[in-house]
Structures are given as C-alpha cells and as structure tokens.
Amino acid sequence: IGAVQGLRAGQGRLATSDAVANELGPRLCVEVQRTHTGIQFEVQSLPTAQVPGAVRSGTADIGLCFSRAPHKDIDVAYRQRAPVLALVPPGHPLAGAKSVPLARMGQYPLALPPPATTVRQMIDIVCSRQGLQLVPVLVSNHVKTMLHFVANGGGLSVSSEIAARHMVAAGDIVALPIGDQGRDLRDLELQTLSGRSLPVAAQAFLDLLRERLPGPW
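Here is what the cut-offs are and how they apply
- Residues numbered from 1 in each chain as written.
- Predicted model: local features only at pLDDT ≥ 70, side-chain atom pairs only at ≥ 80, totals over all residues.
- Heavy atoms only, no water.
- Core = buried A, V, L, I, M, F, W, Y, C linked by side-chain atoms within 4.5 Å.
- Buried < 20%, exposed > 50% of the residue type's maximum accessible area, 1.4 Å probe, protein only.
- Contact = heavy atoms within 4.5 Å.
- Helix = DSSP H or I, 4+ residues; strand = E, 2+ residues; numbered from the N terminus.
- Pairing = 2+ DSSP bridges.
- Axes fitted to C-alpha atoms, helices over the stretch in contact; angles between N-to-C directions.
- Parallel < 35°, antiparallel > 145°, perpendicular 65-115°, else oblique.
- Left-handed = near helix turned anticlockwise from the far one by under 90°.
- Phe/Tyr/Trp six-rings, centres within 6.5 Å; stacked < 30°, edge-to-face > 60°.
- Lys NZ or Arg CZ within 6 Å of the ring centre and 35° of its normal.

(A) Fine view of the nonpolar core. In terms of nonpolar packing, the biggest core is built from 38 residues, with Ile62, Leu64, Leu190, Phe205, Leu209 and Leu213 touching the most fellow members. The contacts of isoleucine 62, once residues within four sequence positions are left out, are Arg13, Leu14, Ala15, Val55, Leu190, Gln191, Leu198, Ala202, Phe205, Leu206 and Leu209.

(B) The arrangement of the pairing of strand 8 (residues 156-160) in detail. With five of five residues buried, strand 8 is to be regarded as a mostly interior element. On strand 8, burial covers both faces: Leu156, Val158 and Ser160 on one face and Ser157 and Ser159 on the other are all buried. Taken together, the two bridges between strand 6 (residues 110-112) and strand 8 define a ladder with parallel strand orientation. Across the sheet, the residue bridging to leucine 110 is leucine 156, located in strand 8.

(C) Focus on the packing of helix 2 (residues 24-33) against helix 8 (residues 200-212). Packing of helix 2 against helix 8 brings their axes to within 11 Å, and their N-to-C directions diverge by 120°. Relative to helix 8, the element helix 2 is oriented oblique. Handedness of the helix 2/helix 8 crossing: right-handed. Along its contact with helix 2, which presents Leu28, Cys29, Glu31 and Val32, the element helix 8 presents Phe205, Leu208, Leu209 and Arg212.

(D) Region of interest: the environment of leucine 206. Mapped onto the fold, leucine 206 is located in helix 8. Sequence-wise, leucine 206 and isoleucine 62 are 144 residues apart; in three dimensions their C-alpha atoms are separated by 7.1 Å. Here leucine 206 is in contact with Ile62, Ala77, Leu190, Thr192 and Leu198, once residues within four sequence places are set aside.

(E) View of the sheet that holds strand 7 (residues 138-139). Strand order in the open sheet formed by five strands is 7-6-8-5-9, and the pairing between neighbours is mixed. Every other strand in the sheet has two partners, leaving strand 7 and strand 9 (174-177) as the edge strands with one partner each. Contacting strand 5 (84-88), strand 6, strand 7 and strand 8, helix 6 (residues 143-151) runs over the sheet at an angle of about 135° to strand 8. Here helix 7 (residues 161-169) sits on the sheet in contact with strand 5, strand 8 and strand 9, set at roughly 115° to strand 8.

(F) Local environment of the packing of aromatic side chains. On inspection of all chains with the given rule, the structure shows one aromatic pair. The lysine or arginine in question, arginine 186, covers the ring of phenylalanine 66, its NZ or CZ lying 3.8 Å from the ring centre.

Here is the structure:
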C-alpha cells in the first residue's frame with residue numbers, strides 16, 4: 001500500500017466481472033480509504049467479454065478479467081493462471097480429496113454458470129472430450145448465488161480461486177483442483193490501454209491490485 005502514500009485526491013476506475021467486484025474490489029477500496037480518504041473509486045461489474053472494451057473506450061482506467069487470447073490495443077500489466085476449481089461444502093464426502101474429476105462431481109447436485117461464461121465454456125469443452133454431460137440443478141450468472149448454494153449445503157459448483165478466496169479462507173466452502181485436463185486454459189489479467197499513462201491514483205490502485213491478486217493456486 002506504500003504506492004498510494006502521499007495521495008490526497010484522485011480517482012481509480014476499475015472494470016471487472018462480479019467474481020472480483022463482489023469481494024476483492026471492495027476490500028481493496030477499503031484498504032486504501034483507511035489512510036487516503038480523498039481517493040475516489042469507481043468499480044464497474046461487467047460481463048468478462050466487455051471489460052477490454054471499457055478500457056479501450058476510456059470508461060475504465062484498469063480492466064481485471066479472465067482471458068484466453070490477446071486483445072487489440074490492450075496491455076497486460078499483470079497475468080496469473082486462473083484454473084477452474086471445484087467447490088464443495090465442508091464435511092462433504094469429497095471435501096478431503098486431493099482433486100475431483102468432473103465425472104465424480106456429476107454424481108451430486110451441481111450449480112453451474114450459464115453457457116456464455118468462460119468458466120462454463122471450459123467445463124463444456126472438457127465434458128465434450130469425455131462424452132460427459134453435466135445436468136445442473138441451478139444455473140446462475142451471479143457468482144455469489146453459486147457460492148452460497150455450496151455454503152448452504154445445496155451441492156457442488158465451480159469457480160475461479162479469486163471469486164471463492166474469502167469464503168474458502170473463512171471455512172464456508174472447500175476448493176479443490178478439478179482433475180481433468182483443460183480446466184486451466186485461461187489467465188486472470190490486469191489490463192490497461194496501450195500507450196496510455198495512468199493517472200497517479202489509478203496507477204497506485206493498479207499496483208495494489210498486482211500485490212493482492214496472487215493466491216494459493
């Protein structure tokens with residue numbers, strides 16, 4: 001957080017998916033606000049595919065999203081692997097496993113995101129290669145809906161580590177690697193507009209995001 005020392009005014013505008021907007025984004029805003037009350041934040045929650053466009057159009061200084069390919073006019077300030085993880089309730093028969101295959105997950109009630117999301121597309125590709133069909137009991141485009149479905153004992157789900165990090169740390173859910181090949185073919189990226197120098201406050205927010213993003217996976 002030393003990157004923002006001395007700042008008394010400015011704005012940081014972040015475009016991201018609700019996987020980040022639900023938990024990590026607000027926590028980082030609070031972290032900065034505790035010592036720099038003059039900095040203003042704007043966090044837009046968008047479908048992942050729209051995040052680079054928000055950066056290109058200038059409506060966001062920083063984009064934070066999952067990506068599987070380069071984007072025109074976008075620089076990547078930071079990148080990390082973003083495998084899809086299995087989420088199970090504490091005490092579930094699978095909770096102590098080292099990893100869990102999708103075929104095994106399909107034996108339990110399952111919550112999945114809709115087909116348009118990158119997580120679901122990756123799951124569907126893996127299932128197609130195996131001739132496997134998963135029939136969810138819940139489909140939702142809201143990450144927290146699926147997280148709480150698991151935490152309340154409704155069944156299993158899938159998620160990125162960043163979306164589930166805080167509930168895993170609190171012991172509300174258990175995250176496990178999925179044991180099928182192909183579930184890690186995407187990255188989590190911090191994106192900025194090529195050739196643009198960020199305002200001081202936005203650059204400080206970018207630096208803080210880069211510090212806080214790394215996780216155990």
